Structure formats: C-alpha cells, structure tokens
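Here's the letter readout for the chains.
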Amino acid sequence: MPVVDNVAIMGGGIMGRGIGQTLLQNGYSVTIRDIEEEVLEETKERMINGSYGLERAVEGGYLTEAEMGDALNRLTLTTDIEEAVDGADFVLEAVTEDLNIKGQVFQDLDELTDDIPLFTNTSGFSITGLSNAVEDSSRVAGTHFFSPVPVMDFVEIIRGPATDDEVIELAEAVIDDIGKERVTITDDPHHYGFIVNRCWAAMREEARKVVREGIATEEQVNLAMREGRNLPVGPLEGPGLGEEWD
C-alpha cells in the first residue's frame with residue numbers, strides 16, 4: 001500500500017473522534033477539523049475520557065500510558081480546513097448525516113485537494129451522488145465505520161461507479177492495518193443504506209408490523225430477537241437507520 005502517515009478527518013463528532021482515536025492508536029497522525037472550537041474541545045475530552053476512550057484502553061491493558069501520550073502527540077485539532085488537509089495522505093469525511101452538508105464538504109475538499117483519496121463515512125447516502133460534488137469522482141469511496149468505532153470490528157467499503165481501484169485498495173489496506181474486518185461492495189444509488197443498515201431497517205419494519213398486528217408487544221419482540229437470535233439488542237431498541245451508537 002502507499003505510505004500513509006497523515007489522515008485528515010472532517011467532523012469531530014461521535015464518528016469522527018472514534019475513527020480518529022482508532023487511527024491514532026494504530027500509529028497514524030490525525031488532524032480533525034470541525035467548525036466550532038467547543039466541538040473540538042469535547043472531541044479531545046471524549047477521546048481521552050469517554051466510555052471507549054484512551055484512558056479506558058490504558059485501564060484495560062490495551063495501551064500503555066506512554067503509548068497514549070504518543071497518540072495524543074500525533075493529534076491535531078483545527079477549525080481551519082486548509083490546515084487540516086495540508087499534507088494529508090487521504091481525507092475522511094465524518095460530518096453529520098445530512099446530504100447537503102456532506103455535499104458542501106466535498107465541494108470544499110475538491111477546491112483544496114488535487115489527487116488524494118476522499119472517503120465518506122456516510123451510513124448510507126449514495127457514493128455516486130456524493131462523488132458528483134468532486135471534479136474527479138474516481139478518488140471518492142465510502143468507508144462506513146460502526147459506532148463505537150474503537151470496539152466495533154467491522155467496516156463497509158463502498159465503491160462508486162467511477163472509483164479507482166487504487167483508492168479501494170488503499171481503504172482495504174488501512175482497514176486491515178487497524179485490525180478491522182471489512183467487506184467491499186458496490187454502491188446502489190437507489191437505496192439508502194449498504195448491507196448492515198438495509199438489513200437492519202428491514203428487520204425493524206417487520207418488528208413494527210408484528211407489534212401493529214397485535215401479535216406481540218415491543219418488549220416481547222426485543223426479548224425474542226435477543227434470546228432467539230442472540231442479538232445484542234432487539235430490533236426496536238437499537239438505533240434507527242442512519243443513526244449511530246454514542
């Protein structure tokens with residue numbers, strides 16, 4: 001894989017900080033950009049002291065204090081998008097799941113970057129549509145992480161119709177390097193969601209139908225699916241389509 005040292009992340013929320021923390025723990029230098037200083041302050045605080053933060057990793061024996069310090073030394077937080085992308089080997093967009101906001105971010109990135117890969121962490125917006133905001137759509141792909149990123153071991157990589165093979169290979173190599181399982185799939189611009197969210201949404205809708213028909217209560221559906229199918233949560237108590245765990 002090409003040498004990757006520096007990663008720029010757009011968005012310091014739940015997903016941005018989780019992806020950033022995971023990359024930091026695996027030796028990457030990370031710059032996280034958000035539009036508000038207050039968000040960036042919370043980003044660092046939760047990255048260190050959150051439920052799945054670096055302090056917990058130290059307490060659990062996954063990191064040493066020295067390794068945590070080294071990781072934080074490789075973290076940069078900024079509100080300046082030009083500073084964020086300067087020297088980046090690739091950019092990963094992880095802003096709120098709003099198509100207009102994501103589209104604007106990609107337009108901004110198109111003006112500020114030339115040929116580096118641009119990845120989106122969308123839960124299910126069309127990669128095809130988002131890549132239309134970039135002049136060279138061959139450098140755009142999806143990398144859908146799951147929350148909480150530091151402990152969830154799966155990523156969906158999504159190829160748009162014009163995505164270059166080298167962009168996909170880079171994504172696959174990075175996901176392998178940080179120790180997560182992955183699948184690489186083809187974008188479907190006619191549906192929201194990829195594998196996981198489309199299947200999850202279908203199960204939730206069928207569960208709602210069972211309740212509407214008076215067959216069972218929500219509590220019974222959740223209990224049945226937890227115990228009968230060994231799900232960690234029932235279909236009517238987990239996050240909805242496009243939502244993430246905090």
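Residues numbered from 1 in each chain as written. Predicted model: local features only at pLDDT ≥ 70, side-chain atom pairs only at ≥ 80, totals over all residues. Heavy atoms only, no water.

J.: Just give me the short version of the packing of helix α9 (residues 196-212) against helix α10 (residues 218-229), but keep the residues and values in it.
T.: Packing of α9 against α10 brings their axes to within 9 Å, and their N-to-C directions diverge by 135 degrees. With respect to each other, α9 and α10 are oriented oblique. For the element pair α9 and α10, the recorded crossing hand is right-handed. Note on element contacts: α10 touches α9 through Glu-218, Val-221 and Met-225, opposite Met-203, Ala-207, Val-210 and Val-211. (Axes fitted to C-alpha atoms, helices over the stretch in contact; angles between N-to-C directions. Helix = DSSP H or I, 4+ residues; strand = E, 2+ residues; numbered from the N terminus. Parallel < 35°, antiparallel > 145°, perpendicular 65-115°, else oblique. Left-handed = near helix turned anticlockwise from the far one by under 90°. Contact = heavy atoms within 4.5 Å.)

J.: Just give me the short version of the sheet that holds strand β2 (residues 29-33), but keep the residues and values in it.
T.: Strand order in this open sheet of 8 strands is β3-β2-β1-β4-β5-β6-β7-β8, and the pairing throughout is mixed. Bordering the open sheet on either side are β3 (75-78) and β8 (181-186), each of which pairs with just one other strand. Strand-to-strand twist of the sheet, defined as the mean angle between neighbouring strand axes without regard to direction, takes the value 25 degrees. This element, helix α8 (residues 165-177), spans β4 (90-93), β5 (118-120), β6 (140-145), β7 (154-159) and β8 of the sheet and lies at about 175 degrees to β7. (Pairing = 2+ DSSP bridges.)

J.: Could you give an account of the pattern of salt bridges, with specific residues and numbers?
T.: Summed over the entire model, instances satisfying the criterion amount to 13 salt bridges. Residues Lys-102 and Glu-97 are paired through a salt bridge, measuring 3.4 Å at the closest nitrogen-oxygen approach. For Glu-97, a relative accessible area of 24% gives the class partly exposed. For Arg-208, the salt bridge identified is with Glu-205, shortest N-O distance 3.7 Å. You can see Arg-208 and its partner Glu-205 sitting in helix α9, 3 residues apart, about one turn around the helix. (Salt bridge = Lys/Arg side-chain N within 4 Å of Asp/Glu carboxyl O. Buried < 20%, exposed > 50% of the residue type's maximum accessible area, 1.4 Å probe, protein only.)

J.: Let's hear about the packing of aromatic side chains: which residues, and what values?
T.: The final tally for this structure, using the stated rule, is 3 aromatic pairs. Both rings, one in Phe-146 and one in Phe-154, keep their centres 5.7 Å apart while their planes meet at 35 degrees; by these two values the pair is tilted. According to the relative accessible area criterion, Phe-154 is partly exposed, its value standing at 25%. (Phe/Tyr/Trp six-rings, centres within 6.5 Å; stacked < 30°, edge-to-face > 60°.)

J.: Describe in detail the UniProt feature "site: Important for catalytic activity" (unreviewed entry) in the protein, supporting the description with residues and values.
T.: Under the local residue numbering, the UniProt record ascribes the feature "site: Important for catalytic activity" (unreviewed entry) to His-144. Note on placement: His-144 falls in strand β6. (UniProt positions renumbered as here; feature names shortened; annotations may be inferred.)

J.: So what's going on with the environment of Gly-160? Which residues, and what values?
T.: Relative to the elements of secondary structure, Gly-160 occurs in the loop between β7 and α8. Judged by its relative accessible area of 7%, Gly-160 is buried. In this structure, the C-alpha to C-alpha distance between Gly-160 and Phe-125, residues 35 residues apart in sequence, is 11 Å. Discounting residues that sit within four places of it in the chain, Gly-160 has contacts with Ile-127 and Asp-187.

J.: An account of unusual backbone geometry is needed here, citing residue identities and associated values.
T.: With the exception of glycine, most residues fall at negative phi, and the peptide bonds are largely trans. Residue Pro-148 is bonded to the preceding Ser-147 through a cis peptide linkage, with omega at 0 degrees. Tracing the backbone shows Pro-148 in the loop between β6 and β7. The phi dihedral of Asn-230 falls on the positive side, at around 60 degrees, and the residue is not glycine. By the secondary structure assignment, Asn-230 is in the segment after α10. On the basis of relative accessibility, which here comes to 69%, the residue Asn-230 falls in the exposed class.

J.: Outline the environment of Ser-126, listing residues and values.
T.: Note that Ser-126 resides in the loop between β5 and α7 (127-131). Taking the C-alpha atoms as reference points, Ser-126 and Arg-208, separated by 82 residues in sequence, lie 26 Å from one another. Engagement of the side chain of Ser-126 in a polar contact is seen with the backbone nitrogen of Gly-129, the distance being 3.0 Å. (Polar contact = N/O pair within 3.5 Å; in protein donor to acceptor, adjacent residues only side chain to side chain.)

J.: Before we move on, could you go through the UniProt feature "domain: 3-hydroxyacyl-CoA dehydrogenase NAD binding" (unreviewed entry) in the protein and cite the residues and values that matter?
T.: UniProt marks residues 6-187 with the feature "domain: 3-hydroxyacyl-CoA dehydrogenase NAD binding" (unreviewed entry), using the numbering shown here. Structurally, residues 6-187 is divided into 42% helix and 21% strand, and its ends, taken at the C-alpha atoms, are 27 Å apart.

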